[in-house]
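Here is how the chains run, residue by residue.
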Amino acid sequence: KEADEILAGEVDEDGAIGVIGGGTALGKATLLTLSEYGYHAMASEGGHAYFPFVSQREFAFQKFYREKSGQRDITGNLVVSGRGLQHIHWFLTGEKMEPKEVAARFTPDSETLAWVAKFYGRACRDFALEVLALGGLYVAGGVTAKNPQILVHEDFAKEFVRSSTMEHILKKIPVF
C-alpha cells in the first residue's frame, strides 16, 4: 500500500527521505538513495534529544512533566509518544489517564489534540530540516496510526511549516 499524503510537496527523487514515528518512544531514521543499490538506512537516536518548548505555557508544561515523571530531561521520546499524550492531557485538564483513554476523547476542538498535533508537527519539522528531507517525510508509529486525526489537525500543518527562515523549503517537503 502506498502512503497517504498528509501535506503536499515536491518529491526530489535523489533527496533524503526522513522517517519519524512516535509510539512507546520517538524513532527517527533517514533513507538515502543509492542509485545502484536502492536505499541506505541511517539510524538515529534523535528521540533522545531535548524537545524544543517555545512559550511560557509550554515551559510550564515542561516543568509539570519533570515534576510528575521524575525525568530531568524532557526529550522527544517523552513528548511525541504515548507518554506524551498522557502528560499533555494531565497538564491541560488535571486528569491523569492512560494514553488510549486520552485519545478516545479527541474531538476536533480538543485542546489536548491541538497540543499533540502542534508538538508532532514541530518534531516532524525539525527532523525534516535536520536531514533536509527533500525526498519526503514519512510519519510512522503507533500514536498516529491509531490517531490519524493528529496529522490532519490544522495545528500539525501550521507547526510543520512555521519557520522565519526555512518556510519556503518546508512548504516543498511532502509529508506522508
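Residues numbered from 1 in each chain as written. Predicted model: local features only at pLDDT ≥ 70, side-chain atom pairs only at ≥ 80, totals over all residues. Heavy atoms only, no water.

*Asks:* Requested: an account of the packing of aromatic side chains, with residues and values cited.
*Replies:* Aromatic rings considered in pairs are described by the distance between their centres and by the relative angle of their planes. On inspection of all chains with the given rule, the structure shows 14 aromatic pairs. Summarising the aromatic geometry, the rings of Phe53 and Phe61 are spaced 5.9 Å apart at their centres and angled 70 degrees between planes, so their arrangement reads as edge-to-face. As far as burial versus exposure is concerned, Phe53 and Phe61 are alike and both buried. Taking 4.8 Å as the distance between ring centres and 20 degrees as the angle between the ring planes, the aromatic pair formed by Tyr138 and Phe176 counts as stacked. Of this pair, Tyr138 sits in strand E4 (residues 136–140) while Phe176 sits in the segment after helix H9 (167–170); the two residues are 38 residues apart in sequence, bridging distant segments of the chain. Members of the aromatic cluster, joined through ring pairs, are Phe51, Phe53, Phe61, Phe64, Tyr65, Trp90, Phe91, Trp115 and Phe119. Its end group placed over the ring of Trp115, Lys118 keeps NZ or CZ at 4.5 Å from the ring centre. (Phe/Tyr/Trp six-rings, centres within 6.5 Å; stacked < 30°, edge-to-face > 60°. Buried < 20%, exposed > 50% of the residue type's maximum accessible area, 1.4 Å probe, protein only. Helix = DSSP H or I, 4+ residues; strand = E, 2+ residues; numbered from the N terminus. Lys NZ or Arg CZ within 6 Å of the ring centre and 35° of its normal.)

*Asks:* Describe in detail the pattern of salt bridges, supporting the description with residues and values.
*Replies:* Within the structure shown, the criterion is met by 13 salt bridges. For the salt bridge of Asp155 with Lys158, the shortest nitrogen-to-oxygen distance reads 3.9 Å. Separated by three residues within a single helix, Asp155 and Lys158 lie in helix H8 (residues 154–161), roughly one turn from each other. Of the charged contacts, one joins Lys171 and Glu167 as a salt bridge, the two residues approaching to 2.9 Å between their closest N and O atoms. Among the ionic contacts, a cluster of salt bridges with common partners joins Glu58, Lys118, Arg122, Arg125, Asp126, Glu159 and Arg162. (Salt bridge = Lys/Arg side-chain N within 4 Å of Asp/Glu carboxyl O.)

Geometric values such as these leave the question of function open.
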